[in-house]
Amino acid sequence: MLNVKDVVKSFNSGDRTIKPVNGVSFSLEQGTFAAILGKSGSGKSTLLSLLGALDKATSGDVFVDEVNISTLPDRKLTAYRRDDIGFVFQSYNLIPNLSAKENVMLPMEFAGVSHAERSKRAGALLNQVELGEEMHGRLANRLSGGMQQRVAIARALANNPKLILADEPTGNLDDETGELIIALLRQLAHEKKTTILVVTHDHALAAQTDRKFRLAHGKLTED
Amino acid sequence: MGVVSRSVGNAFRNKVRSGAVVVILAVAIGLALAMLVANQAVGAKVDSLKASVGNTLMVNPAGSRGGLGGGNPLTTADATKAAAVAHVTGVNEALTVRLANAAADSASAGSASGNGGADRGSRGGRFGTSGTTSLVSAVDPGVLGQRNNSNGSSPDGGSGSTTTRPAFSIPIQATGVSTSATAAGTAIKLTGGSQLTDFAANSTQALVGSTLATKNSLKVGSTFTVQSRTMKVTGIFDAGDAFDNNGIYLPLAATQTLVDQAGQLSSLNVVVDSIENVSSTQAALTSALGASNVDVTAGSNNLQAAITSLGSVQNISLIAFIASLVTAGLIVLLIMIMVVRERRREIGVLKAIGASNRTIGLQFVIEAMVLVVLGSVVGAAVAAFSSNPIVSALVAGNTTSTNAAVGRFGGRGGLGGGGGFSGGFTRTRGAFAGASQLIGTISTSVGWQTLVLGAVGILAIAAIGALIPALLTAKVRPIEVLRGE
Ligand SMILES: Nc1ncnc2c1ncn2[C@@H]1O[C@H](COP(=O)(O)OP(=O)(O)OP(=O)(O)O)[C@@H](O)[C@H]1O
Ligand SMILES: [Mg+2]
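Residues numbered from 1 in each chain as written. Chains lettered and ligands numbered in written order. Predicted model: local features only at pLDDT ≥ 70, side-chain atom pairs only at ≥ 80, totals over all residues. Heavy atoms only, no water.

### Section: the overall build of chain A
So, point 1. What chain A contains, in helices and strands, is eight helices and ten strands.
So, point 2. Residue pairs at least 24 apart in sequence account for 70% of intrachain contacts in chain A once pairs closer than 6 positions are excluded.
So, point 3. Counting only carbon and sulfur atoms, one obtains 45% of the accessible surface of chain A, whose full area is about 9800 Å². (Helix = DSSP H or I, 4+ residues; strand = E, 2+ residues; numbered from the N terminus. Contact = heavy atoms within 4.5 Å. Areas by Shrake-Rupley, 256 points an atom, 1.4 Å probe, with all protein chains shown as cover.)

### Quick notes on the confidence of the model for chain B
All names here are of chain B.
So, point 1. On average, residues of chain B score 78 in pLDDT, and 77% of them are at 70 or above.
So, point 2. Of the regions scoring below 50 in pLDDT, residues 153-164 engages in nine contacts with residues more than four places distant in sequence or in other chains.
So, point 3. Note on the complex model: pTM 0.67, ipTM 0.96. (pLDDT = per-residue confidence, 0-100.)

### Here's the deal with the interface of chain A and chain B
So, point 1. The interface is formed by 24 residues belonging to chain A together with 24 residues belonging to chain B.
So, point 2. For the pair chain A and chain B, the two sides together bury roughly 2100 Å², of which 60% comes from carbon and sulfur.
So, point 3. A salt bridge links E109 of chain A to R6 of chain B; its shortest N-O distance comes to 2.6 Å.
So, point 4. Applying the counting criterion to the chain A and chain B interface returns nine residue pairs in polar contact (both at pLDDT 80 or more).
So, point 5. If one sorts the elements of the side of chain A that touches chain B by residue count, helix α3 (residues 100-110) of chain A sits on top with five residues. (Buried area = accessible area lost by both parts, 1.4 Å probe. Salt bridge = Lys/Arg side-chain N within 4 Å of Asp/Glu carboxyl O. Polar contact = N/O pair within 3.5 Å; in protein donor to acceptor, adjacent residues only side chain to side chain.)

### Things to note about the pairing of strand β1 (residues 56-61) of chain B
All names here are of chain B.
So, point 1. Of all the six residues making up β1, five are buried; the element is thus mostly covered by neighbouring parts of the structure.
So, point 2. Bridging between β1 and strand β14 (residues 267-272) involves four bridges; their strand directions are antiparallel. Its bridge partner being in β14, L57 is matched across the sheet by V270.
So, point 3. Judged from the four bridges that link them, β1 and strand β15 (residues 294-297) form a sheet pairing that is antiparallel. Across the sheet, the residue bridging to N60 is D295, located in β15. (Buried < 20%, exposed > 50% of the residue type's maximum accessible area, 1.4 Å probe, protein only. Pairing = 2+ DSSP bridges.)

### A few points about the site of ligand 1
Residue and element names in this part refer to chain A.
So, point 1. With respect to spatial proximity, 13 residues lie near ligand 1, and among them S40, G41, K44, S45 and T46 are the closest.
So, point 2. Within the contact set of ligand 1, an oxygen atom lies 3.3 Å away from a backbone nitrogen or oxygen of S42.
So, point 3. Contact distances for ligand 1 include 2.5 Å between an oxygen atom and a side-chain N or O atom of T46.
So, point 4. In the complex, the protein chains occlude 62% of the 640 Å² of accessible area that ligand 1 would expose alone.
So, point 5. Counting only elements with at least two residues in the shell around ligand 1, the list comes to β2 (16-28) and α1 (44-51).
So, point 6. The biggest single contributor to the shell around ligand 1 is α1, with three residues. (Near = heavy atom within 4 Å.)

### What about a nonpolar patch on the surface?
So, point 1. On the surface, L318, I322, V326, L330 and L334 of chain B cluster together into a nonpolar patch covering about 440 Å² of accessible area.
So, point 2. Considering the arrangement of structural elements, one finds L330 of chain B in helix α9 (residues 301-342). (Patch = residues over 30% accessible without salt bridge, like charges linked within 9 Å, V, L, I, M, F, W, Y side chains within 5 Å.)

### A closer look at the sheet that holds strand β4 (residues 59-64) of chain A
So, point 1. The four strands lie next to each other as β2-β1-β4-β5 (chain A), forming an open sheet whose pairing is antiparallel. Strands at the two margins of the open sheet, each flanked by one partner only, are β2 and β5 (67-68) of chain A.

### Observations concerning the pattern of salt bridges
So, point 1. Inspection of the entire model under this criterion finds eleven salt bridges over all chains.
So, point 2. Of the charged contacts in the structure, one is a salt bridge between D83 of chain A and R82 of chain A, with a shortest N-O distance of 3.0 Å.
So, point 3. With its nearest N and O atoms 3.3 Å apart, the salt bridge here joins D223 of chain A to R214 of chain A.
So, point 4. Residues joined in a network through salt bridges with shared partners are K9 and D55 of chain A together with R477 of chain B.

### Some details on the sheet that holds strand β8 (residues 195-199) of chain A
Residues and elements named next belong to chain A.
So, point 1. Taken in spatial order, the six strands line up as β6-β7-β8-β3-β9-β10 in an open sheet, and their pairing is mixed. Each of the sheet's edge strands pairs with one partner strand only, and the pair in question is β6 (85-88) and β10 (219-222). Looking at each pair of strands side by side, their axes are set apart by 20 degrees on average, direction ignored.
So, point 2. Strand direction decides the pairing type here: strand β9 (residues 211-216) and β10, joined by four bridges, are antiparallel. What sits directly across from F213, in β10, is E222.
So, point 3. Relative to the sheet, helix α6 (residues 145-157) contacts β6 and β7 (163-167), its axis offset from that of β6 by approximately 170 degrees.
So, point 4. Sitting on the sheet, helix α7 (residues 175-191) touches β3 (33-37), β7 and β8, and the angle it makes with β3 is about 130 degrees. (Axes fitted to C-alpha atoms, helices over the stretch in contact; angles between N-to-C directions.)

### Some details on the nonpolar core
So, point 1. Counting residues in each nonpolar core, the largest one holds 128 residues, and the members touching the most others are L2 and F26 of chain A together with F224 and I248 of chain B.
So, point 2. A per-element tally of this core places helix α2 (residues 15-53) of chain B first, with 14 residues.
So, point 3. Counting the residues that make up this core, at least three belong to each of domain 1 (2-50 + 305-484) and domain 2 (92-267) of chain B.
So, point 4. The next biggest cluster of nonpolar side chains, apart from the first, holds 37 residues, and it includes A152, A156, L157 and L184 of chain A. (Core = buried A, V, L, I, M, F, W, Y, C linked by side-chain atoms within 4.5 Å. Domains from an automatic or database assignment.)

### As for the coordination of the magnesium ion (ligand 2)
Residues and elements named next belong to chain A.
So, point 1. Those protein atoms acting as donors to the magnesium ion (ligand 2) are S45 (OG) and Q90 (OE1), and they sit at 1.9 to 2.3 Å. Taken together, the positions of S45 in helix α1 and Q90 in the loop between β6 and α3 put the pair 45 residues apart, joining distant regions of the chain.
So, point 2. Q90 gets classed as partly exposed once you look at its relative accessible area, which sits at 35%. (Donors = N, O, S within 2.8 Å, 3.2 Å for Na, K, Ca; no water.)

### Re the packing of aromatic side chains
Each aromatic ring pair is specified by the distance between its two centres and by the angle formed by the two planes.
All names here are of chain A.
So, point 1. Applying the stated rule across the entire model yields three aromatic pairs over all chains.
So, point 2. For the pair F26 and F213, a centre-to-centre distance of 5.2 Å together with 55 degrees between the ring planes defines the contact as tilted. Of the two residues, F26 sits in strand β2 while F213 sits in strand β9, which places them 187 residues apart along the sequence. Of the two residues examined, F26 and F213, each falls in the buried class. (Phe/Tyr/Trp six-rings, centres within 6.5 Å; stacked < 30°, edge-to-face > 60°.)

### Notes on a negative patch on the surface
So, point 1. Where like charges cluster on the molecular surface, the negative patch consists of E130, D174, D175, E176 and E179 of chain A.
So, point 2. Along the chain, D174 of chain A falls in the loop between β7 and α7. (Lys, Arg positive; Asp, Glu negative; His and termini not counted. Charge placed at Lys NZ, Arg CZ, Asp CG, Glu CD.)

### Thoughts on the packing of helix α4 (residues 115-128) of chain A against α6 of chain A
Relative orientation and spacing of two packed helices are given, respectively, by the angle between their axes and the distance between those axes.
Residues and elements named next belong to chain A.
So, point 1. Where α4 meets α6, the closest approach of the two axes is 9 Å, and the angle between their N-to-C directions is 130 degrees. Relative to α6, the element α4 lies oblique. Judged by the sense of rotation from one axis to the other, the crossing of α4 with α6 is right-handed. Judged by residue contacts, R121, L125 and L126 of α4 engage V151, A154 and L157 from α6. (Parallel < 35°, antiparallel > 145°, perpendicular 65-115°, else oblique. Left-handed = near helix turned anticlockwise from the far one by under 90°.)

### Some words on the environment of G9 of chain B
Residues and elements named next belong to chain B.
So, point 1. Along the chain, the position of G9 falls in helix α1 (residues 3-11).
So, point 2. For G9, a relative accessible area of 35% translates into the label partly exposed.
So, point 3. Each C-alpha atom of the pair G9 and E367 lies 8.3 Å from the other, and the pair is 358 residues apart in sequence.

### Observations concerning the packing of α6 of chain A against α7 of chain A
All names here are of chain A.
So, point 1. Where α6 contacts α7, the axes come no closer than 12 Å and their chain directions differ by 10 degrees. Between α6 and α7, the angle is such that the two are roughly parallel. For the pair α6 and α7, contact is made by R150, I153 and L157 and by T177, I181, L184 and L188, respectively.
So, point 2. A class-by-class count of the residues in the contact of α6 with α7 yields five nonpolar, one polar and one charged. (Nonpolar A, V, L, I, M, F, W, Y, C, P; charged D, E, K, R; others polar.)

Written as structure tokens, this is what we have:
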């Protein structure tokens, strides 16, 4: 389903070039629940951004269901990000002046889903991540970190993506809520055949995944 | 929650800043609208002034005006020369003569014969007349009639009193014309009958003023005499004032023949192709006909000054309108560029979760429009209260220099009686008034054209102000979302 070949991403910082991703290759079957581990600054977020088409790789190819997203034109990339990918950002990135529910409704609005349908589905997703009804209408910037993280996860699920890329999805959650999210992701992978790639330091989460990779010095190795 | 409500919400995200922007926009848009209103109002006034002046010049014999002054009459040769001057599109020839009442003339002439010619002034207004008519004036002589029709010597041993004079009929003004137009070139307005058609020397057609017709019980088809010729009333006209309605129009050639002034004219009304060429043509006519032979006057010296000063007001207001709109556009542009920079990361988020460039661009355009609409609403209120003072200030500031200018357009000379005074007065008042009085009040009514122009202008600035920042959002890459992570 996901096939990454020799991907390199380099940044020019001052007079030297750094390559947090330097020749990464791997592939994932549909419905795999996988984790990437690695030290802070090892390039995990950078790699996810390349898979989610937030940025272009310096070289290499990323195939998603046989389509090379490295060569897609802008319009197709927009559709790819909207329909195929669910991205959970390390720092949530909710729109602060929209409510929790409105944040979850956004990707569906871009996909042309009717307002009634969006509202219904957003409510259901927020219930799934156990965000109480009374919080649905609350502005995102009035929610606690853990609540924002759950809204971000619900938003990533909004358009039923086939690939979920989650950067530290349990980073700010207590053990109990973390377990809930892990169970939800497992269920999505194994029952709905959604491919899930998480970046995590959370051993409880890593232990639940099907495959574990480690990123160090720009190279990805499987444990 | 769609793109519209999101944009409206975003417009008020920073309430203090948005409030300030709306206030500044309102001032700029309000000023623009006020300037537009001023421009339109002044434009309308200029048009009406131009229409009221007309683009004509009067040519009179040098030193003569109406029934006063001296010098030699104009001739048909002068008319031909005038027609050949550049920018002249038409020449109306006129011979204006005074016709004494035939009955009163002969009666007073007889009674006065024994006085050895010392009292010619009492001869029934015979002084200064060129012929006689059966018509009796509809205007009573009054004090002015007595004064205007005396030869200056006192009939009563030097007391100067006019009260003891015998009653008499003041002379009738007959204007010989070669077209269906007055000596001033305007159309003769008939209330009955038809215009003159026979302009031959032996024509018997005549147009009679309405009050004169009533006084003499004349109807279309009635007859009266001028000198020895019996004239037939072909039409009755209403010139709108007592003096003119006490006169008659005759064919020019017939007039010249009847009063024995063949080839002579008392005035030429010259039509100039455009109002801008009036003063140059005035000079050209003077030199073509000879300054010692003719006086060429423009009735519009003040009006031209008024139009020129109003024209500059019009220009100033147009420039100010555009400048204010550009300012408003710049405010929108700069504030939206600021907003886009501020929300780079958020734009990145929207793109990362699948928003198209179009959706985001639209969101920012609508956000800018919300500010512009609010600014326009408040600005319209500002304009409503400030247009009138602004127009007054602009007009006053640009016409003070011409206030001192006074008209030099002579009245109707020594013609007319008591009743004629009021008619003459209203005419000369316009000529003696300064430019500012001519401009008078400029009403600032807001017509649909102004509204459409204003709306188009504001839309244009809003479009420019909003589109550029909206296009900038297309350049924001989704990776901005990771900035600062
Ligand atoms: N836009 C950029 N320009 C320059 N260097 C960058 C840029 N983005 C990331 N880097 C660098 O790339 C390296 C990898 O960063 P990245 O955010 O991918 O690490 P990470 O593995 O996600 O770390 P963490 O676990 O702390 O989130 C870091 O050294 C970072 O400074
Ligand atoms: Mg990271």
